[in-house]
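# Structural description and commentary
The primary structure of each chain is shown beneath.
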Amino acid sequence: MDAIFNLLEKHRLQSYYNKFLQFGVKDERDLIDSVTDEDLNNLGFSQAEKNRYSQMKIYIRRLRAPADPAAMPVQKSIQSFSLQYTYPECPEPKHIKDMDPAQNTVEDLMLRICHLESIGSSKGVCLYTLDGMPLTDDPFFNTWSLQDRHIMSGDVIYAIFTPTENLIPARQNVTRHVTETDRQDTVRCHVMLKGDFEVKVNLVTDTMTNLKNMLANESGIPAHVLHYKGQYGGGNTLENCGISEESTVQFSLSTFAEEDPNTAAFFINDVVPSMQQTPKGISVFLSSLYVIKYKPPVVEHKNLIGYIRKLTGCNSLAQSLYQLLLKNEFLSRTQKIAMVEGLYILFRELLPKLGSKRGEKIIEDLDVFENSTYCWAYLMTEAKKETAHHEDYAPVSLVSEDNNRFSDPVKVPGIPGTLERAYVLQKIKDDEKIPNCTEEVLRETSLKRATDLEKILLSLHPLVRTYHLWISHSSVTVLTTFKTQ
């Protein structure tokens, strides 16, 4: 019944917990279909508490597929869609079978997992694919449906719970006021994976900022996630940007600002572990990682990563280590969380604790990171005995033929790679042949969405231009216990 208490606590109604138990509430569905307004009056609810109860019912409905099939715009069998999820020290994967991939969002899935695991309001969750790719970095894309994020029935999701202060909150979509003026020009705006929108503008006086705000009002997409893909923007007028009524203005989507990557930013103390550590411990932890990264390795990094993967079964931790140690690449916040939380659990298992039979000295939970160097020494020694034959990665390019990050990747008949949709449509418009294309007359209807690449684009920070996909998961028995003995 911890899940019921946590639901009530989230909405400041926990004082009614025992009364609801006496009333006969057994799970969250009872709070929706078995409690009437009259019951709330009898329980002594004030009007303010009734308002919070109504908000709680809305929250609960997000945890499951709609009960009324008539409310579903697309008739699909919900029973045929199921997911599994697991997390560090989880004995076996758990199943979720009553979500609607067309309506339930990634955010709904995050809420559902937290609810099922009775996670309190002080914590949230980060999600990852089975191979270790982060899924929940961008809060805007977390509002997209499971279907639009290409999360398929049968997928296994890896969850890592962390304090909410580590997570990036979603910004509210605010309708932008646009000063009324004479706008007789029409420009077409193409938004990444969302299609075309026509917006009335004044090419001479309106700026790119004006256009973004008007596009946001027209499309319902928040202005802060719209990024113009041209050379000029901000305060430049549309005419100065080279935009005319014949133009199609391209916009990508991301919560994050476009900025140069800074790999050294990883070593800033900005992620709080679930189990609080001493300031000295945080310093030792980050410093030890810095030394491993920049000093000549005692053991091959691939062997070390492979051994940690073997011990933990935490592919998101292994993926983050691979990018940090071997590729010197930017790590997103969700990947850093996997590193901090994952290594804490591993180090805690390696070090002696109360009840263990590893000598007299006991390491308290608070002091785990202070002993990071001893843990790394043990891992490196053991990793020398291991091989790295399961540490195989395939580089996936996320940039198109013009060296910009993909927005709408498509497959063209006869061409093994992926092309940008706008590039292909321009070739069709100009009646130009694309080399190796097997269609005599290429049409837009012949193009197929590159959904495998879309999933990666929607999951990764826009600074990532090449993603190294771990491809050996089918040949490795995944352990999720973090057991070292």
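Everything below is about the structure printed above this text.
Overview of the structure. Treat the numbers as computed from the prediction; the structure is a model and nothing was measured.

### Notes on the packing of aromatic side chains
Per the counting criterion, the structure on display carries 20 aromatic pairs. Ring centres of Phe140 and Phe141 lie 5.4 Å apart, and the angle between their planes is 55°; this geometry places the pair in the tilted category. Of the residues examined, Phe140 reaches a relative accessible area of 12% and is grouped as buried. Between the aromatic rings of Phe140 and Trp144, the centroid separation amounts to 6.0 Å while the plane-to-plane angle is 75°, which identifies the pairing as edge-to-face. Judged by its relative accessible area of 7%, Trp144 is buried. One aromatic cluster is present, built from ring pairs that chain together Phe285, Tyr344, Phe347, Phe369 and Trp376.

### Remarks on the nonpolar core
If you look at soluble globular proteins, the nonpolar side chains tend to sit buried side by side. Within the largest apolar cluster, 48 residues are counted, with the highest numbers of intra-cluster contacts made by Leu289, Phe347, Trp376 and Leu379. Of all the secondary structure elements, the ones that give two or more residues to this core are β3 (123–128), β4 (156–163), α8 (279–294), α9 (301–312), α10 (315–326), α11 (333–350) and α12 (372–383). In contact with Leu289, other than residues within four places in its own chain, are Phe266, Phe267, Leu321, Leu324, Met339, Leu343 and Trp376. Core analysis: the second largest hydrophobic core is formed by 43 residues, Phe197, Val396, Leu457 and Leu463 among them.

### Remarks on the sheet that holds strand β7 (residues 226–228)
Pairing in this open sheet of 4 strands is mixed, and the strands run β6-β5-β8-β7 from one edge to the other. Strand pairing shows two members of the sheet lacking a second neighbour, β6 (195–201) and β7, which therefore form its edges. Here the strands of the sheet are splayed against their neighbours by 35° on average, with no regard to which way each runs. With 3 bridges joining them, β7 and strand β8 (residues 248–253) adopt antiparallel strand pairing. Counterpart to Leu226 in the pairing with β8 is Leu253.

### A word on the environment of His224
Topologically, His224 is positioned in the loop between α7 (208–219) and β7. Here the alpha-carbon distance between His224 and Pro462, two residues 238 residues apart in the chain, equals 14 Å. When near neighbours in sequence (up to four residues on either side) are disregarded, His224 contacts Arg171 and Ser254.

### Focus on the side chain of Lys455
Tracing the backbone through its elements, the reader meets Lys455 in helix α14 (residues 451–459). Classification of Lys455 as buried rests on a relative accessible area of 18%. In this structure the side chain of Lys455 is engaged in a polar contact, spanning 3.5 Å, whose partner is the backbone oxygen of His150. When sequence neighbours within four positions are dropped, the list of residues in contact with Lys455 reads Thr129, Met133, Leu135, Arg149, His150 and Asp155.

### A word on unusual backbone geometry
Residues other than glycine seldom take positive phi values, yet Asn328 does so here, at roughly 50°. Relative to the elements of secondary structure, Asn328 occurs in the loop between α10 and α11. In this structure Asn328 comes out as partly exposed when scored by relative accessible area, which is 43%. Here the phi dihedral of Asn403 falls at roughly 70°; this positive angle occurs in a residue that is not glycine. Topologically, Asn403 is positioned in the loop between β9 (393–397) and β10 (409–411).

### Observations concerning α12
Every α-helix carries 3.6 residues per turn, so stepping three or four residues along brings you back to the same face. The end-to-end C-alpha distance of α12 is 16 Å, a good match for the 16 Å that 12 residues give at a rise of 1.5 Å each. Where α12 is concerned, the buried positions are Ser372, Cys375, Trp376, Leu379, Met380, Glu382 and Ala383. Within α12, the buried residues cover an arc of 165° as seen down the axis, which keeps them to one side. Where α12 is buried, its residues contact α8, α9, α10 and α11.

### A closer look at the sheet that holds β3
Here we have 4 strands laid out as an open sheet, ordered β2-β1-β4-β3, and mixed in their pairing. Both outer strands of the open sheet, β2 (94–96) and β3, are each paired with one neighbouring strand and no more. Looking at each pair of strands side by side, their axes are set apart by 35° on average, direction ignored. Where strand β1 (residues 83–86) lies against β2, 3 bridges are found, and the strand directions are antiparallel. Looking across to β2, one finds that Tyr85 is bridged to Lys94. The sheet strands contacting helix α6 (residues 106–116) are β1, β2, β3 and β4, and the helix crosses β3 at an angle near 120°.

Rules behind the numbers
Residues numbered from 1 in each chain as written. Predicted model: local features only at pLDDT ≥ 70, side-chain atom pairs only at ≥ 80, totals over all residues. Heavy atoms only, no water. Phe/Tyr/Trp six-rings, centres within 6.5 Å; stacked < 30°, edge-to-face > 60°. Buried < 20%, exposed > 50% of the residue type's maximum accessible area, 1.4 Å probe, protein only. Core = buried A, V, L, I, M, F, W, Y, C linked by side-chain atoms within 4.5 Å. Helix = DSSP H or I, 4+ residues; strand = E, 2+ residues; numbered from the N terminus. Contact = heavy atoms within 4.5 Å. Pairing = 2+ DSSP bridges. Axes fitted to C-alpha atoms, helices over the stretch in contact; angles between N-to-C directions. Polar contact = N/O pair within 3.5 Å; in protein donor to acceptor, adjacent residues only side chain to side chain. Expected span 1.5 Å × (residues − 1). Arc of directions from axis to C-beta.

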